[in-house]
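# Residue-level structural notes
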Amino acid sequence: MKKPAKTKPWGDATLAIHAGEEHFRVGAPVGTSIARTSNFTFAGTEEMKRWAEGKSSAYIYTRYGNPTLSIAEKKIAALEGAEDAVVTASGSAAIASALLSQLSAGDEVIATRQLYGGSYRLLRDVFPRYGIVVRHVESDLAGIERLVNPRTKALYVETPTNPTLRLVDLSKAAAFAREWGLVSLIDNTFASPVLQKPLEMGFNIVLHSASKYLSGHSDVIAGAAAGSAALIRKVRANVIQLGGSMDPEAAFLLIRGMKTLGVRIERQCKSAMAVAKYLERHPKVARVHYPGLPSHPDFALAKRQMRGFGAMLAFDCKGGPKAGLAAARRFCDRVRVFLLAASLGGTESLVVLPIYTSHYKMSPEELRAVGVGPGTVRVSIGLEDPEDLIEDLRQALG
Ligand SMILES: *Cc1c(COP(=O)(O)O)cnc(C)c1O
């Protein structure tokens, strides 16, 4: 069977299934094989010599590369429209390796304030110890021109944000980075490449916690970085040196999960919209944070830069700090279909209280600044029947 002649570029669902695989050879396995090995044989001493001289791209040791990892890398690069990608042991490994590929002692980085907790702590607790200065900007980028100076080397953003789903205008952020000669990096975990293509909007490096939507089944910790071949070469060097390489078994789970990425995201977005609309009408809900609702402050921007509104949302229970928290706790303790668990992007719908998870130990002022209250509940919509999700919300809020 011959590979069909391409008449037009493949869509995301097709890429997620076929990119990087050798499906179109006679007798090829349709399922993905795991190269469960730590090392590979050299063809001969000539190959060994060429490798030492940096002229051979042969696999030699899995921390440096492995055929199963390469399949995952090709899929993610294809989905992000990138020249290359590198997969890592976790999203955190991808983020640290990518940022450190651009930052040295004395350099500065501008980052959005609303970040995944682990990333925020990396910038707050680790980078300063190595002489890297971090400056934070709000998601609307207000006053960013006052934060930049000749030592600034990178711009790091996350959009949509956790948990209030505020958006960063990616074209505007990329243009600012270009103007100042900064490398722009984005954590695209919440949107997934199906809903948001940051490289098309001028970003340089896209990062993922593939533990979330890309793998999609809450069964693996994984990460990825995608971008130009030159930038990814530097990220990959850090992944190899710092030891954040992915294991082939994890790569298999990621690849297997990605084969259903298209349908998962489509269904999850639809269910999330139904849930958001239901919650917005509920008398015990003060406010719903979902970029697909016209009431969300970034609704217009979401329509412009995303291909769908995603499957993450949050809502605030009515009542002041005390009554709101009590209502949110009662809701979370009563859900029966939703699970009370951290993480996101899997087949199971989840709820968490940000004040006890991602936003633990933040002062009331810090919480107000990011729009999180004691009564805020974060929701990740999975793949259950939407009617069952809504019925669960009804009984748990009741
Ligand atoms: C989970 C997450 C991370 C961290 O990824 P790990 O795979 O847990 O290391 C980074 N960014 C976002 C937005 C996340 O949700």
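What you see is a predicted model; the values in this text were computed from it and never measured.

The rules behind these values
Residues numbered from 1 in each chain as written. Predicted model: local features only at pLDDT ≥ 70, side-chain atom pairs only at ≥ 80, totals over all residues. Heavy atoms only, no water. Helix = DSSP H or I, 4+ residues; strand = E, 2+ residues; numbered from the N terminus. Rg over C-alpha atoms; globule rule 2.2 N^0.38 Å. Buried < 20%, exposed > 50% of the residue type's maximum accessible area, 1.4 Å probe, protein only. Contact = heavy atoms within 4.5 Å. Areas by Shrake-Rupley, 256 points an atom, 1.4 Å probe, with all protein chains shown as cover. Lys, Arg positive; Asp, Glu negative; His and termini not counted. Charge placed at Lys NZ, Arg CZ, Asp CG, Glu CD. Polar contact = N/O pair within 3.5 Å; in protein donor to acceptor, adjacent residues only side chain to side chain. Patch = residues over 30% accessible without salt bridge, like charges linked within 9 Å, V, L, I, M, F, W, Y side chains within 5 Å. Salt bridge = Lys/Arg side-chain N within 4 Å of Asp/Glu carboxyl O. Pairing = 2+ DSSP bridges. Axes fitted to C-alpha atoms, helices over the stretch in contact; angles between N-to-C directions. Expected span 1.5 Å × (residues − 1). Arc of directions from axis to C-beta.

### Let's talk about the overall build of the chain
Within the chain one finds 13 helices and 12 strands. In summary, the chain has a C-alpha radius of gyration of 22 Å against a globular reference of 21 Å for 398 residues, a match within 12%. Seen along its three principal axes, the alpha-carbon backbone of the chain occupies a region of about 75 × 55 × 40 Å. A buried classification covers 55% of the 398 residues belonging to the chain. Restricting to contacts in the chain with at least 6 residues of sequence separation, those with at least 24 account for 72%. Of the accessible surface of the chain, which amounts to about 18,000 Å², a share of 55% is contributed by carbon and sulfur atoms. Looking at charge distribution, the chain has the averaged site of its 50 positive side-chain charges lying 1 Å from that of its 38 negative ones.

### Description of unusual backbone geometry
The omega torsion across T159 and P160 is -5 degrees, close enough to zero to call that bond cis. Of note, P160 is situated in the loop between β4 (152-158) and α6 (170-180). In this model, N162 is joined to P163 through a cis peptide bond whose omega is 0 degrees. Residue placement: P163 occurs in the loop between β4 and α6. The phi angle at L141 is positive, at roughly 65 degrees, despite the residue not being glycine. By secondary structure assignment, the location of L141 is in the loop between β3 (133-137) and β4. On the accessibility criterion, L141 (6% relative accessible area) is buried. A positive phi angle is found at L165, which is not glycine, with a value near 60 degrees.

### Observations concerning the environment of E158
In this structure, E158 sits in strand β4. The class of E158 is buried, set by a relative accessible area of 4%. Put simply, E158 and T37 are 121 residues apart on the chain and 35 Å apart in space, counted from C-alpha to C-alpha. Setting aside chain neighbours within four positions, we find E158 in contact with T112, Q114, L115, Y116, S119, V168 and D187. A distance of 2.9 Å separates the side chain of E158 from the backbone nitrogen of Y116, its partner in a polar contact.

### Focus: a positive patch on the surface
Taken together, the side chains of K284, R330, R334 and R336 define a basic patch exposed on the protein surface. Assignment of secondary structure puts R336 in the loop between α11 (321-334) and β10 (339-340).

### Here we look at the sheet that holds strand β6 (residues 205-209)
Working definition: the strands of a sheet are paired by backbone hydrogen bonds and lie parallel or antiparallel to each other. Read from one edge to the other, the open sheet built from seven strands follows the order β1-β7-β6-β5-β4-β2-β3, with strand pairing classed as mixed. What marks the edges here is a single partner per strand, and that holds for β1 (84-88) and β3. If you compare each strand with its neighbour and ignore which way they point, the axes differ by 20 degrees on average. Where β1 and strand β7 (residues 223-227) come together, five bridges link them in antiparallel fashion. Following the sheet pairing, A85 is matched in β7 by A226.

### Remarks on the side chain of Q395
Mapped onto the elements of the fold, Q395 is located in helix α13 (residues 386-397). According to the relative accessible area criterion, Q395 is buried, its value standing at 14%. Within the structure, the side chain of Q395 is placed 2.7 Å from the side chain of D392, a separation counted as a polar contact. Residue contacts for Q395: discarding those within four places in its chain leaves R334, V335 and R336.

### Examining α11
One turn of the α-helix equals 3.6 residues, which is why residues spaced by three or four share an orientation. With 14 residues, α11 should cover 20 Å at 1.5 Å per step; its first-to-last C-alpha distance of 20 Å lies within 8% of that length. G324, L325, A327, A328, F331 and C332 are the residues of α11 that are buried. Projected onto a plane normal to the axis of α11, the buried residues spread over an arc of 160 degrees and lie on a single side. In α11, the exposed positions angled more than 90 degrees off the buried face are occupied by K322 and D333. Contacts made by the buried residues of α11 are with β9 (312-317), β10, β11 (350-352), β12 (376-380) and α13.

### Some remarks on the pairing of β6
In terms of residue burial, β6 counts as a mostly covered element, since five of its five residues are buried. Neither face of β6 is open: one carries I205, L207 and S209, the other V206 and H208, and all of them are buried. In this structure, strand β5 (residues 183-187) lies alongside β6, joined through three bridges in parallel fashion. Considered in β6, the bridge of D187 is made with L207.

By themselves, these are just geometric observations and shouldn't be taken as functional.
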